[in-house]
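Observations on the model geometry
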Amino acid sequence: MSDKVSDYHYELPSELIAQRPAKRRDEARLLVVPEIGPFGHHTIRDLVSLLRPGDLLVVNESRVLPARLNGQKTTGARAEVLLLKPSGLGEDEDPALWEALVRPGRKLRAGHMVEIGDELSVEILEVLPSGNRLVRLRSDLDIETAIERNGSMPLPPYIDREIEPFDRDRYQTVYARTGGSVAAPTAGLHFTNDLLKEFETKGIKRTAITLHVGLGTFRPVNTEHPSGHSMHVERYFIPDSAIEAVERTKMDGGRVWAVGTTAVRALESAARDDGSLRPGWSQTDLFIWPPYNFRVVDGLLTNFHLPRSTLIMLVAALGGYDRTMAAYAEAVRERYLFYSYGDAMLVMPSCG
């Protein structure tokens with residue numbers, strides 16, 4: 001275990017940062033990290049044999065919105081609005097009100113308009129204390145339809161290329177349902193519909209929660225100790241169906257696998273001390289780092305994360321600090337691909 005943020009740093013050659021996804025989603029490589037013993041080198045397709053009948057996969061069905069809106073001010077100058085999150089929570093949301101980043105920031109003040117196209121414009125309502133803007137989207141279309149038709153995918157900053165048509169499909173899980181994320185829950189990008197059917201045939205169950213991923217997921221921790229970091233807030237929803245699936249799995253002796261760190265955060269944020277889950281919409285700023293007592297999650301499928309990030313610390317809380325950092329070193333040696341479009345690791349629970 002380590003108490004210093006600097007201990008979560010690792011060196012990554014730039015050529016190992018995936019710029020494009022694998023040709024097929026389930027062809028990505030999979031580093032298996034058992035509690036003890038040698039690491040395993042597999043592909044995502046091998047999950048069918050690595051998981052057991054009666055295990056439960058918990059996926060995040062949040063859908064990435066094409067939240068990058070390029071347009072122009074009334075003067076004709078170019079402007080960009082990056083939607084961050086709706087202003088509100090769950091059923092109380094006004095779909096037209098959003099918190100956003102804008103460019104050029106100093107010239108887009110309250111009362112200004114940005115014309116995105118004939119179907120959509122953005123009104124700047126307020127400059128927030130963070131420097132972000134509260135904006136209102138104006139369109140004769142349904143707001144989500146207007147965003148879908150006029151926006152582009154907000155690829156992460158480490159993907160150093162222009163957005164391409166395939167990103168609309170590949171930077172989205174096949175089961176994405178509820179729009180609200182500005183970054184993908186990337187562990188789920190590896191699943192195909194055929195693979196999901198194979199899980200079902202084998203008796204590996206699946207349930208869904210929703211956590212809308214914000215840009216804070218990419219932010220490094222710049223304090224000396226994790227406790228000094230101010231964690232970003234994300235919205236999540238736990239349906240009754242997920243609660244029933246988790247309870248039934250635990251009762252029957254199965255393992256609860258989180259597909260991605262976002263599923264971990266949602267489940268552990270909703271967990272009571274006895275491991276039962278609170279239903280409905282809520283917000284979380286939960287920051288998980290070692291040591292942490294997991295109340296719901298047994299194992300984790302996740303991509304490889306940025307150095308010094310809250311996400312690598314979450315993985316270390318489940319897999320152990322030494323084991324996690326050794327796995328990252330192994331992944332670099334074996335030339336795995338990292339980050340959103342990269343390969344994955346399976347952190348096995350201590351029970352097996």
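Here the structure is shown first, and the text comes after it.
First, a word on what this report is: a plain description of the structure on this page.

Cut-offs used in this document
Residues numbered from 1 in each chain as written. Predicted model: local features only at pLDDT ≥ 70, side-chain atom pairs only at ≥ 80, totals over all residues. Heavy atoms only, no water. Pairing = 2+ DSSP bridges. Helix = DSSP H or I, 4+ residues; strand = E, 2+ residues; numbered from the N terminus. Axes fitted to C-alpha atoms, helices over the stretch in contact; angles between N-to-C directions. Contact = heavy atoms within 4.5 Å. Core = buried A, V, L, I, M, F, W, Y, C linked by side-chain atoms within 4.5 Å. Buried < 20%, exposed > 50% of the residue type's maximum accessible area, 1.4 Å probe, protein only. 1 Å grid on protein atoms, 1.4 Å probe; cavity = no way out; pocket = protein on both sides within 12 Å on 5 of 7 lines; lining within 4 Å. Points joined across faces, edges and corners; volume = space filled by probe spheres on them. Nonpolar A, V, L, I, M, F, W, Y, C, P; charged D, E, K, R; others polar. Phe/Tyr/Trp six-rings, centres within 6.5 Å; stacked < 30°, edge-to-face > 60°. Lys NZ or Arg CZ within 6 Å of the ring centre and 35° of its normal. Salt bridge = Lys/Arg side-chain N within 4 Å of Asp/Glu carboxyl O.

**What to know about the sheet that holds strand 14 (residues 256-259)**
Read from one edge to the other, the open sheet built from nine strands follows the order 2-1-17-16-14-3-12-13-15, with strand pairing classed as mixed. At either margin of the open sheet sits one strand with a lone partner, and together these are strand 2 (40-43) and strand 15 (280-284). Averaged over all pairs of adjacent strands, the angle between their axes in this sheet comes to 25°, without regard to strand direction. Docked against the sheet, helix 7 (residues 310-319) engages strand 16 (299-303) and strand 17 (344-347), running at close to 150° with respect to strand 16.

**Some thoughts on the nonpolar core**
One broad rule of soluble globular proteins: the nonpolar side chains tend to lie buried together. If you look at the biggest cluster of nonpolar residues, it comprises 68 residues, and the most contacted ones within it are Leu 31, Tyr 171, Phe 338 and Met 345. Excluding its chain neighbours within four sequence positions, the residues that come into contact with Leu 31 are Phe 39, Gly 40, His 41, Phe 304, Ala 327, Glu 330, Ala 331, Tyr 336, Ala 344, Met 345 and Leu 346. Among the nonpolar cores identified, the runner-up in size contains 24 residues, and Leu 82, Ala 96, Val 135 and Val 182 belong to it.

**With respect to the environment of Pro 185**
Along the chain, the position of Pro 185 falls in the loop between strand 11 (178-181) and helix 4 (193-202). What Pro 185 contacts, discounting residues up to four positions off in sequence, is Asn 60, Ser 62, Val 64, Thr 173, Val 213 and Thr 262.

**Section: the layout of surface pockets**
Taken as a whole, the largest pocket spans an internal volume of roughly 390 Å³. Taken together, 16 residues make up the lining of the largest pocket; nearest its centre are Arg 68, Glu 80, Leu 82, Arg 103 and Leu 155. Contributions of two or more residues to the lining of the largest pocket are made by strand 6 (78-86) and strand 7 (97-103). Take the lining of the largest pocket: its biggest share by element is three residues, from strand 7. Grouping the constituent residues of the lining of the largest pocket by class yields twelve nonpolar, no polar and four charged.

**Brief notes about the side chain of Thr 173**
By secondary structure assignment, the location of Thr 173 is in the loop between helix 3 (167-170) and strand 11. Judged by relative accessible area, which is 6%, Thr 173 ranks as buried. The residues contacting Thr 173, other than those within four sequence positions of it, are Arg 25, Pro 185, Gly 188 and Leu 189.

**What about helix 6 (residues 261-270)?**
When you tally the buried positions in helix 6, you get ten out of ten residues, the bulk of the element. When we look at burial in helix 6, the residues that qualify are Thr 261, Thr 262, Ala 263, Val 264, Arg 265, Ala 266, Leu 267, Glu 268, Ser 269 and Ala 270.

**A short note on the packing of aromatic side chains**
Counted under the stated rule, the structure contains 14 aromatic pairs. Note on Phe 287 and Trp 289: the rings are 4.7 Å apart at their centroids and 55° apart in plane angle, and the pair reads as tilted. An angle of 75° between the planes, with centres 4.8 Å apart, marks the rings of Tyr 292 and Phe 294 as edge-to-face. Residue classification places Phe 294 among the buried positions, given a relative accessible area of 16%. Positioned above the aromatic ring of Tyr 336, the side-chain terminus of Arg 29 is 3.9 Å from the ring centre.

**Observations concerning the pattern of salt bridges**
Pairing is possible between side chains that carry opposite charge, provided their charged atoms lie close to one another. Counted according to the given criterion, the structure contains 22 salt bridges. The partner of Glu 164 in a salt bridge is Arg 20, with the nearest N and O atoms 2.3 Å apart. Linking Glu 164 in the loop between helix 2 (143-150) and helix 3 with Arg 20 in the segment before strand 1 (29-33), this pair joins segments that are 144 residues apart in sequence. We classify Arg 20 as partly exposed; its relative accessible area is 42%. For Lys 250, the salt bridge identified is with Asp 298, shortest N-O distance 3.3 Å.

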